[in-house]
Amino acid sequence: MTARHTAFSFRHAVAAALLATSSPVLANTGTVFSPDVKAGEMALEFRSSLVPEDGSSPDVLSPRLHFQYGFSDAWRARIIGVQRSVDGGSFDYRYTRVELQWQYREDDDGGHDAALRFEAQLGSGTPDRLRIGWTGKKDINDRWQLRANALVGRQFGDGAASGLSLETRFEATTRLSANSRLGLEMFNDLNTTEDLGGFDDQEHQLGPILKARFGDGWGFNTSYLVGVSDAADDGNWRLLISKNF
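Residues numbered from 1 in each chain as written. Predicted model: local features only at pLDDT ≥ 70, side-chain atom pairs only at ≥ 80, totals over all residues. Heavy atoms only, no water.

A. Quick peek at the overall build of the protein. Of regular secondary structure, the protein possesses one helix and 12 strands. The N-to-C order of helical and strand elements in the protein reads α-β-β-β-β-β-β-β-β-β-β-β-β. Sorting the 245 residues of the protein into buried and exposed places 36% on the buried side. (Helix = DSSP H or I, 4+ residues; strand = E, 2+ residues; numbered from the N terminus. Buried < 20%, exposed > 50% of the residue type's maximum accessible area, 1.4 Å probe, protein only.)

This is the structure we're talking about:
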């Protein structure tokens, strides 16, 4: 074996060892978020996301809690806290994020709504991040609704990835009743502008979602995402419970 081949093999062995000893990443707690902002709206929301053990990696449970308030019909602030439990162990803090959303377009007459979201995230064991996201919503008719998100971010600090992170999300739902919707959502983590890779190097997830509202301001979402690329988690169970005040 040549010295070049030896060095190449050594680098790959080190990389494999680091991968084997690193902690699993967080489960996906994101949504295909709406552009809607309402003045005076105050809400508390709990989310829980579970990636089950698949034989090669332990299960990962990621609970998330956030509070939001609408200052006007255009601006809303939100603060988020996320933890993680690996293989049934104790929960450890992962990050806090502050978001400010600006709804710059609202059309109740068959057009579309749109907003920009500005994020600042401070992590523990994960890089810090600044990100901006765009969201749009279109009611096709009385039953069908489409949503889309596009997000661009930059990581900072230890372990930060180079380049800009890229992500897209899509959702199509149909109305089951006055207070419930059923549909399909897709999440696409496209890595970064410095290392996009191919389809299977990126994280692509697809699955059904059920949304419902009930009682005095309560909301409920449940969904399941299937990994459709090699880099994505095989499965991801998700639950969201919200309360508007």
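From this point, the discussion proceeds with the structure in view.
B. Quick look at the sheet that holds strand β3 (residues 75–86). Pairing within the closed barrel is antiparallel, and its 12 strands lie in the order β1-β2-β3-β4-β5-β6-β7-β8-β9-β10-β11-β12. Each strand of the sheet is rotated relative to its neighbour by a mean of 20°, with strand direction disregarded. As paired strands, strand β5 (residues 112–123) and strand β6 (residues 128–139) are joined by 10 bridges and run antiparallel to one another. Considered in β6, the bridge of Glu-119 is made with Arg-131. (Pairing = 2+ DSSP bridges. Axes fitted to C-alpha atoms, helices over the stretch in contact; angles between N-to-C directions.)

C. The side chain of Glu-119, seen in detail. Here Glu-119 lies in strand β5. Taking relative accessible area as the criterion, Glu-119 reaches 4% and is therefore assigned buried. Of note is the side chain of Glu-119, whose polar atom sits 3.4 Å from the side chain of Arg-129. Residues contacting Glu-119, with those up to four places away along its chain left out, are Arg-97, Val-98, Glu-99, Arg-129, Leu-130, Arg-131 and Leu-151. (Polar contact = N/O pair within 3.5 Å; in protein donor to acceptor, adjacent residues only side chain to side chain. Contact = heavy atoms within 4.5 Å.)

D. Unusual backbone geometry, seen in detail. Here Asp-87, not a glycine, exhibits a phi torsion of approximately 55°, which is positive. With respect to the helices and strands, Asp-87 occurs in the loop between β3 and β4 (92–105). According to the relative accessible area criterion, Asp-87 is exposed, its value standing at 51%. Look at Asn-191: it is not a glycine, yet its phi comes out positive at around 65°. With respect to the helices and strands, the residue Asn-191 is situated in strand β9 (residues 180–192).

E. Spatial organisation of a negative patch on the surface. Judged by side-chain charge, Asp-73, Glu-106, Asp-108, Asp-139 and Asp-142 come together as a negatively charged surface patch. Here Asp-73 lies in the loop between β2 (60–70) and β3. (Patch = residues over 30% accessible without salt bridge, like charges linked within 9 Å, V, L, I, M, F, W, Y side chains within 5 Å. Areas by Shrake-Rupley, 256 points an atom, 1.4 Å probe, with all protein chains shown as cover. Salt bridge = Lys/Arg side-chain N within 4 Å of Asp/Glu carboxyl O. Lys, Arg positive; Asp, Glu negative; His and termini not counted. Charge placed at Lys NZ, Arg CZ, Asp CG, Glu CD.)

F. Structural view of the pattern of salt bridges. If you walk through the whole model with that rule in mind, you get 18 salt bridges. We note a salt bridge from Glu-99 to Arg-78, for which the minimum N-O separation is 3.3 Å. Here Glu-99 is found in strand β4, whereas its partner Arg-78 is found in strand β3, with 21 residues between them in sequence. Classification of Glu-99 as buried rests on a relative accessible area of 3%. The class for Arg-78 is buried, based on a relative accessible area of 9%. The partner of Arg-131 in a salt bridge is Glu-167, with the nearest N and O atoms 3.1 Å apart. Taken together, the residues Arg-131 in strand β6 and Glu-167 in strand β8 (residues 165–177) connect sequence positions 36 residues apart. Among the charged side chains, a network of salt bridges with common partners joins Arg-78, Arg-97, Glu-99, Arg-117, Glu-119, Arg-129, Arg-131, Glu-167 and Arg-169.

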